[in-house]
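What the coordinates show
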Amino acid sequence: MIIKAEWIVPMKGDPIFQGAVRVEHEHIVHAAKSSELLPQPGEEVLDLGSSVLAPGLINAHCHLDYTILRGCIDPHNSFAGWIKSINALKRDFTTEDYVKSVNDGLEMLIESGTTTVANIESFPEILPLLGPPPVRTWWFLELIDVRNRNFDETSIIGILSVFDQHPNWLGGFGLSPHAPYTASPALYRLAKSCSERLQMPFTTHVAESVQEHEMFVNARGDLYDLMKSLGRDCSDCGQGSALSHLLEYGLLTHNCLAVHMNYLQDYDYSALSELGVHIVYCPKCHSYFGHRPFELERLRQHGVNICLGTDSLASNNSLDMRAEMREARLKHAGLTNRQCLEMVTLNPAKALNQEGRIGEISDDALADLVAFDMGIHSNPYEAIIESHQRPRLLMVNGQKIDSSND
Ligand SMILES: [Zn+2]
């Protein structure tokens, strides 16, 4: 089929005015000016008129399990207090609640033009109860051992077999030691070796809050006290930043998506660029907690690949990547519209080792596409970022997804 739109935004290359994309089965065949891409006899043509057609958006960090927490938790001054609130609420939720939560979250992604999500899964036992997700989903198994839960390679591979039962699902699987304050160096080491051996991506929260920073740099503060009360061995605290804690043990690799990175020390920057770690910045979650400014420019200057994510609805009010781009642009004056789009297309595709497959409109890429109305805008990048409506078209793997029932 041919899809025509006023603008095509391939991301690799410049926007195409009055463009067209040919899609066959699950792949993009070619994109060009519509005058150069004529339909073959009998070929379906979909003309989207005054729209911008782009690669489907990629959310590089989300917890669909916690869609259910939307609006439940007021912003806290204390990160430790926020964690306690979540844990208290979680006690009342059933398996059915989490299944509904994941499905509601997936619907929110569709409504806002996201076709790929990196989702942290804390309850892998719900996967057999879910249908095939409508968007390409990477399920990252969350690993925590602060309360003396012992993992070994066999138990991790056993849990991953739940994921394996769905070979026809779009996306993939990965591992996610939660954070340096809840996952021991031994657990990080295990997750790292499993992800390397099984060639899976690896993600973790690092340097999210000032309390985490205090815990690792100065061995004090609310989070330090909370973790100590839960029985964590805190002898590794007071020796440097949360990131340097992981780096010292060799626990981060080039295939790691490190989430947040709000509190870094000067010595962290060069280490990050040398390792080639990808960073996921969650702009609205960042505002929710009132963290110190994210060092976007400095990280970009060090050549770090930066992606955007929403995090969960325990610290955000939507899973809309357009809202994340607007927030990023608001906070970082030098950021261009195109750079915002790169952080939700090309950059996360690279971080998930899917370069050339998703996040771009190019020959042989997968047909994950989204179209938004141009509205009053003449610049196609701006039209995407400023859009508040459901997409005019959402396509995943060459299949149109219904998102028009508003
Ligand atoms: Zn998170």
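Because the structure is a prediction, the values reported are computed rather than measured. (Residues numbered from 1 in each chain as written. Predicted model: local features only at pLDDT ≥ 70, side-chain atom pairs only at ≥ 80, totals over all residues.)

Let us look at unusual backbone geometry. Although it is not a glycine, Asp 311 sits at a positive phi angle of roughly 60 degrees. Inspection of the secondary structure assignment puts Asp 311 in the loop between strand 13 (306–308) and helix 11 (321–331). Even without glycine at this site, Asn 397 takes up a positive phi of about 55 degrees. In this structure, Asn 397 sits in the loop between strand 15 (393–396) and strand 16 (399–400). (Helix = DSSP H or I, 4+ residues; strand = E, 2+ residues; numbered from the N terminus.)

Next up on the list: helix 2 (residues 95–111). In a regular helix each residue adds 1.5 Å, so 17 residues correspond to 24 Å; helix 2 covers 25 Å between its end C-alpha atoms and thus fits that length. On its buried side, helix 2 packs onto strand 6 (57–62), strand 7 (114–121) and strand 15. Gly 113 occupies a position one or two residues after helix 2 and carries a positive phi of about 90 degrees. (Expected span 1.5 Å × (residues − 1). Contact = placed C-beta atoms within 7 Å.)

With five of five residues buried, strand 11 (residues 256–260) lies mostly within the body of the structure. Direction of pairing for strand 10 (residues 202–206) relative to strand 11: parallel, over a ladder of five bridges. Paired with Thr 203 across the two strands is Leu 257, which belongs to strand 11. Where strand 11 meets strand 12 (residues 278–281), three bridges bridge the pair, whose relative direction is parallel. Bridging from a neighbouring strand, Val 259 pairs with Val 280 of strand 12. Following the backbone out of strand 11, through helix 8 (residues 268–275) and into the adjacent parallel strand 12, one traces a crossover that is right-handed. (Buried ≥ 20, exposed ≤ 12 C-beta atoms within 10 Å, placed from the backbone. Pairing = 2+ DSSP bridges. Right-handed = clockwise from strand over helix to strand, strands pointing away.)

This part covers the environment of Gln 239. One can find Gln 239 in the loop between helix 6 (222–229) and helix 7 (242–248). Spatially, the C-alpha atoms of Gln 239 and Ile 86 are 29 Å apart, while their sequence positions differ by 153 residues.

What follows deals with the domain arrangement of the protein. Reports of interface size often rely on the accessible area that becomes lost once the parts have come together. Under the domain assignment used here, the protein contains domain 1 (2–56 + 359–400) and domain 2 (57–351). Taking the mean C-alpha position of each, domain 1 and domain 2 sit 31 Å from one another. Taken together, the contact pairs 19 residues of domain 1 with 25 residues of domain 2. Sorting elements by how many residues they give to the side of domain 1 that touches domain 2 places helix 14 (residues 380–386) first, with four residues. Looking at the side of domain 1 that touches domain 2, its residues break down into 10 nonpolar, five polar and four charged. (Domains from an automatic or database assignment. Nonpolar A, V, L, I, M, F, W, Y, C, P; charged D, E, K, R; others polar.)

Interaxial distance between helix 5 (residues 210–218) and helix 6 falls to 7 Å at its minimum, and their mutual angle equals 70 degrees. In this view, helix 5 runs roughly perpendicular relative to helix 6, as classed from their interaxial angle. Where helix 5 abuts helix 6, its residues Gln 211, Glu 212, Glu 214 and Met 215 lie against Asp 222, Leu 223, Tyr 224 and Met 227. Taken together, the residues that form the contact of helix 5 with helix 6 break down as four nonpolar, one polar and three charged. (Axes fitted to C-alpha atoms, helices over the stretch in contact; angles between N-to-C directions. Parallel < 35°, antiparallel > 145°, perpendicular 65-115°, else oblique.)

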